[in-house]
Amino acid sequence: MTGHLLELTDIRVSYGHAEVVQGVSLSMQPGSIVTVIGANGAGKTTLLNAAMGIIPSSGSVLYDGKAVPPSVEARVAAGFCLVPERRELFSTMTVEDNIELGGFLRSRRERTETSEQLYDRFPRLRERRKQLAGTLSGGERQMLALARALMSKPRLLLLDEPSLGLAPRIVADILKIVSELRESGVSILLVEQNARAALEIADYGYLMELGEVKLSGPASELSSNPALMESYLGTAPV
């Protein structure tokens, strides 16, 4: 692969006088999974929101080698899509209607074709397509959030803590789906507190602490780094 799909350079975000993201730079190749790991408060979600254009930031965001458009809507049209930590589903609407809303930029024919493909990928959602989103289990809600995002046919999927609040077995199912999305050509920037799970499926990783990148490298190397293992994976070096 040549060229980067996404390049963040010297990204800085401040809330009042506090700089919560301090000069973070990262890049990712097309068709890859890149994960940003770290403890709560490290600045991971803030970095993701800055990349999406949800919050103001300084620094450079390049997409396919070009400066990204400033608005969230323009970034969605360019191929970005964010699945936020709280999933932000419409609880009083059906599964089917939530998925439909994800394709608002597509023609009706495209929406119909894509939704059928998504029901094949998420058969549990097909079974519950007439059910209200607010009545789904945590794992089903995460699947629905992913399906709604995929309705826009993104090239770059930004995932914020997809394992949050889920049982380990469900986390494994969700991350298996994320890994399969890479095989279909979707590039994924994954923010996760569950470092071990994230590094198992990622190609490359960045460790953030207090708004800064402290370590980066191929995921396989990070997962075997003694300091990282002891601090974030809960395993002391042998």
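In this report, we go over the structure that sits alongside the text. (Residues numbered from 1 in each chain as written. Predicted model: local features only at pLDDT ≥ 70, side-chain atom pairs only at ≥ 80, totals over all residues. Heavy atoms only, no water.)

Considerations on helix α1 (residues 44-52)
The criterion, for reference: Summary of the burial criterion: residues with accessible area below 20% of their type's maximum are buried, those above 50% are exposed, and those between are partly exposed, where the area comes from a 1.4 Å probe applied to protein chains only. Strands here are runs of E lasting at least two residues and helices are runs of H or I lasting at least four, both read from the DSSP assignment and numbered beginning at the N terminus.
Of all nine residues in α1, eight are buried; the element is thus mostly enclosed. Every buried residue of α1 is listed here: Lys44, Thr46, Leu47, Leu48, Asn49, Ala50, Ala51 and Met52. Glycine 53 lies just past α1 and shows a positive phi near 90°.

Some thoughts on the packing of aromatic side chains
Cut-off, in case you're wondering: Between 30 and 60 degrees the pair is tilted, below 30 it is stacked and above 60 it is edge-to-face, where a pair is any two Phe, Tyr or Trp rings, Trp via its six-membered ring, whose centres lie within 6.5 Å.
As enumerated under the stated definition, the model contains two aromatic pairs in all. Ring geometry for tyrosine 204 and tyrosine 206: centres 5.3 Å apart, planes at 55°, overall tilted.

Overview of helix α4 (residues 108-121)
This is how the line gets drawn: Multiplying 1.5 Å by the residue count of a helix minus one yields the expected span of that helix. Here a residue-residue contact requires only that any non-hydrogen atoms of the pair lie within 4.5 Å.
With 14 residues, α4 extends 20 Å between its outermost C-alpha atoms, agreeing within 8% with the 20 Å of an ideal straight helix rising 1.5 Å per residue. Each element contacted by the buried residues of α4 is listed here: α3 (95-101), α5 (123-127) and α6 (138-150).

Focus: the pattern of salt bridges
This is how it is decided: Think of a salt bridge as a Lys or Arg side-chain nitrogen and an Asp or Glu carboxyl oxygen that are within 4 Å of each other.
Under the definition given, this model contains 18 salt bridges. In this structure, the salt-bridge partner of glutamate 19 is arginine 12, at a minimum N-O distance of 3.2 Å. Taking the relative accessible area as the measure of exposure, arginine 12 reaches 32% and is therefore partly exposed. Linked through salt bridges whose partners overlap, the residues forming this network are Glu96, Glu116, Asp120, Arg126, Arg129 and Lys130.

Focus on the sheet that holds strand β1 (residues 6-15)
To be explicit about the condition: Pairing between strands requires that DSSP locate at least two bridges from one strand to the other. Simply put, an axis is a line fit to the C-alpha atoms, just over the touching stretch for a helix, and the angle between two N-to-C directions goes from 0 to 180 degrees.
With antiparallel pairing, four strands are arranged side by side in an open sheet as β2-β1-β4-β5. In the strand order of this sheet, the two ends are held by β2 (18-28) and β5 (66-67), each with one partner. The pairing of β1 with β2 spans eight bridges and is classified as antiparallel. Opposite isoleucine 11, over in β2, you have valine 24 as the bridge partner. On top of the sheet, α1 reaches β1, β2 and β4 (58-63); it is set at about 115° to β1, its chief contact.

Description of the side chain of glutamate 192
So the rule is basically this: As used throughout, the charge tally considers Lys and Arg to be positive and Asp and Glu to be negative, leaving His and the chain termini uncounted. Pairs of N or O atoms are called polar contacts if they sit within 3.5 Å, as long as, within protein, a hydrogen donor faces a hydrogen acceptor (for residues adjacent in sequence, only side-chain-to-side-chain pairs).
Mapped onto the secondary structure, glutamate 192 falls in strand β8 (residues 187-192). Among buried Asp, Glu, Lys and Arg side chains, glutamate 192 stands out as unpaired, with arginine 87 the closest opposite charge at 7.9 Å. A distance of 2.9 Å separates the side chain of glutamate 192 from the backbone nitrogen of asparagine 194, its partner in a polar contact. Among all residues touching glutamate 192, those that are not within four sequence positions of it are Thr35, Val36, Ile37, Gly38, Lys44, Glu161, Pro162, Ser163 and Ala198.

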